[in-house]
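Remarks on the overall topology
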Amino acid sequence: MILIEQVLRRDLVNAIRKKRPGKRIEDFLLHQDNAPAHRADSTVLDLDLLGLDRVVHAPYSPDLAPMDFKVFPTVKAELRGKKFENTSELTYATRSIVSSLDSMWYRDVFSEWVRRHKLCVKCRGEYFEKQ
C-alpha cells in the first residue's frame, strides 16, 4: 500500500510539473470539495507532505466545486442515452468528452468559480438561492 501511495504522489507531482513547468509545487492552491476521501487524514497528510496548500471549501457546498457545478453535468449530458458494453468504453467516452473541452470552456468555468465564491463571501457563507 505504501508503494502505491508513493507512486501516486510522484505521478501527481510529475503531472503538475509537466502541465506548469517552472512553477513550484508550493505555489499551487488545490481546491477540492468536502468529500470524505478529500478530508481523510491520509489525504490531508499526503497533500501536506507534497507541500500543496488547500483552499478552504464551505461545508455542504457543491455549488462551489467546478466538478459539481460544471464538469459532471457536462459529461452526464453528453453521455445521456448512450449504452456502453463495458467500463473501458465508458472511460474512453468520458475522456473524449473532457479532452474536447477547449481552453475557453475552462476559462469560463474558472470565472464562474470565482463569481460563486464572491457570492458566498458576500453572503458570509450562508445558504443562498441560485443567482
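Use the structure listed above.
A brief report on the enclosed structure follows. (Residues numbered from 1 in each chain as written. Predicted model: local features only at pLDDT ≥ 70, side-chain atom pairs only at ≥ 80, totals over all residues. Heavy atoms only, no water.)

**Description of the overall build of the protein**
How we decide: Helix numbers and strand numbers start at the N terminus; a helix is a DSSP run of H or I with at least 4 residues, a strand a run of E with at least 2. Each residue is placed in one exposure class: buried if its accessible area under a 1.4 Å probe, protein chains only, is under 20% of its type's maximum, exposed if it is over 50%, and partly exposed if it falls in between. It only takes one pair of heavy atoms within 4.5 Å for two residues to be counted as in contact. In this description, accessible areas are obtained by the Shrake-Rupley approach with a 1.4 Å probe, and a residue is regarded as covered only by the protein chains that are shown.
Secondary structure summary: the protein contains six helices and two strands in total. When the helices and strands of the protein are read in sequence order from the N terminus, they spell out α-β-α-α-β-α-α-α. Burial statistics for the protein: of 131 residues in total, 22% are counted as buried. Put simply, of all contacts in the protein between residues at least 6 apart along the chain, 55% involve residues at least 24 apart. Entry remark: accessible area of the protein is about 10400 Å², with carbon and sulfur atoms responsible for 58%.

**Topic: the side chain of Thr74**
For Thr74, the position within the fold is in helix α4 (residues 66–79). Not counting chain neighbours up to four residues away, the residues in contact with Thr74 comprise Leu101 and Trp105.

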